[in-house]
Amino acid sequence: MQGFFVRRQVLSYIPKGQEDLLLVSTSSAMEEGKAIRGGIPVCFPWFGSNKENPDGPKHGFARLLNWELKSTEQLLTGATRLVLALNDSVLTRPWWDHRFASELVIEAGEELSVKWQVKNLSDVPVTITNALHSYFRVGDISQVRIEGLTGVPYMEEIRSDEAFAGDDQSIVIQREVDRSYTDTTATCLIVDAALDRTIVVKKSGSQSTVVWNPWADLARQMVDLGDGDYQHFVCVETANVWHNALVIEPQSVHVMQ
Ligand SMILES: O=P(O)(O)OC[C@H]1O[C@@H](O)[C@H](O)[C@@H](O)[C@@H]1O
């Protein structure tokens, strides 16, 4: 196994003898203040646009700022553990005027584990939406099947403001897909025929799963996505969105993994 991280997120995780589990576009920005197009960005304290503060950055500020590296450790299992921290500061309060302490615990060994937690240090309850916005690498998007979301209702903003009833089959992506599945804690499987592997996405502390691929037209308009990149990833995101937004009481912690 090999792993690569920046002080914001995981970039890469290469299981022994396999292709990288994740994709980062070669056209991605890498400087602080700009989102990284790939790996596992953290969306917090809101997912998508912030309706109360439309000038706030899309998907929140956590993916734009460098976090503090708190520790690195080699575990007895041989895995590597990194702990990153992001607290409220003069950089975050203009966007979201709440006090918080957040940690990202990354363990890369036989499996990759990403645990994100946030403590509300304000004296009022706060409402957040969030996501671990994983870009999973696939051999060929048109040969991918996503299992685990059969029958789960979803929102698909590009088609309607109304919720869709769940599909009765596993998901196949043949056009732009931007779906927020709600009220689901299910494990998902990304069955990748071209790379002959199945990625198992387990989660906890998450009631929503977002599935996104921009497909060719939207991908062409994205300056930070290289030609043909859309064919080689699918985002299956561990999230809390729409009516699954979280209310965190003062001094309480929410953990999502
Ligand atoms: O371009 P961004 O801000 O990284 O967002 C990428 C996509 O992220 C997905 O999670 C959203 O559901 C999409 O609506 C969005 O387009």
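This one's a predicted model, so the numbers in the text were calculated from it and none came from an experiment. (Residues numbered from 1 in each chain as written. Predicted model: local features only at pLDDT ≥ 70, side-chain atom pairs only at ≥ 80, totals over all residues. Heavy atoms only, no water.)

What follows is about the sheet that holds strand β17 (residues 197-201). The strand order across the open sheet formed by 4 strands is β14-β11-β16-β17, and the pairing between neighbours is antiparallel. What marks the edges here is a single partner per strand, and that holds for β14 (171-172) and β17. Examined bridge by bridge, strand β16 (residues 188-192) and β17 share 5 bridges and lie antiparallel to one another. Note on β17: the bridge partner recorded for D192 is R197. (Pairing = 2+ DSSP bridges. Helix = DSSP H or I, 4+ residues; strand = E, 2+ residues; numbered from the N terminus.)

P45 follows F44 through a cis peptide bond whose omega is 5 degrees. Phi at H59 is positive, roughly 65 degrees, even though this residue is not glycine. Locating H59 in the fold gives a position in the loop between β3 (42-43) and β4 (68-74). Its identity as a non-glycine residue notwithstanding, Q251 has a phi of 70 degrees, on the positive side.

Let us look at the nonpolar core. In terms of nonpolar packing, the biggest core is built from 48 residues, with F44, L104, W116, I190, V211 and V234 touching the most fellow members. Ranked by residues supplied to this core, first place goes to strand β6 (residues 100-108) with 4 residues. Not counting chain neighbours up to four residues away, the residues in contact with F44 comprise H59, G60, F61, A62, W96, F100, W116, V118, I128 and T129. (Core = buried A, V, L, I, M, F, W, Y, C linked by side-chain atoms within 4.5 Å. Buried < 20%, exposed > 50% of the residue type's maximum accessible area, 1.4 Å probe, protein only. Contact = heavy atoms within 4.5 Å.)

If you trace the 5 strands from one edge of the open sheet to the other, you get β4-β5-β6-β7-β21, paired in antiparallel fashion. Of all strands in the sheet, those bounded by a partner on one side alone are β4 and β21 (253-256). On average, each strand axis in the sheet is inclined to that of its neighbour by 15 degrees, with strand direction left out of account. Here 9 bridges tie β6 to strand β7 (residues 112-120), and the two strands are oriented antiparallel to one another. Of the residues in β7, the one forming a bridge with V105 is K115. (Axes fitted to C-alpha atoms, helices over the stretch in contact; angles between N-to-C directions.)

Moving on: the UniProt feature "active site" (unreviewed entry) in the protein chain. The sites that carry the UniProt feature "active site" (unreviewed entry) are, in the present numbering, H133 and E237. Spanning 105 residues, the named residues nonetheless gather at one spot, since no C-alpha pair among them exceeds 4.9 Å. If sequence neighbours within four positions are ignored, H133 has contacts with G39, I40, P41, C43, H59, W212, C235 and E237. Structurally, the position occupied by E237 is in strand β19 (residues 233-240). The class of E237 is buried, set by a relative accessible area of 1%. (UniProt positions renumbered as here; feature names shortened; annotations may be inferred.)

With that settled, the discussion passes to the pattern of salt bridges. Taken as a whole and judged by the stated rule, the model has 12 salt bridges. In this structure, the salt-bridge partner of D88 is R93, at a minimum N-O distance of 2.4 Å. In this structure D88 comes out as buried when scored by relative accessible area, which is 13%. Among the salt bridges present, the one from R220 reaches D217, with a minimum N-O distance of 2.6 Å. Of this pair, R220 and D217 both sit in helix α1 (residues 215-221), 3 residues apart, which is roughly one turn of the helix. Accessibility classification places R220 together with D217 in one group, the exposed group. Salt bridges sharing common partners tie together E156, D167, R175 and R179. (Salt bridge = Lys/Arg side-chain N within 4 Å of Asp/Glu carboxyl O.)

This part takes up the side chain of D192. Looking at the secondary structure, you find D192 in strand β16. Among buried Asp, Glu, Lys and Arg side chains, D192 stands out as unpaired, with R197 the closest opposite charge at 4.7 Å. In terms of polar contacts, D192 uses its side chain to reach the backbone amide nitrogen of A194, at 3.2 Å. (Lys, Arg positive; Asp, Glu negative; His and termini not counted. Polar contact = N/O pair within 3.5 Å; in protein donor to acceptor, adjacent residues only side chain to side chain.)

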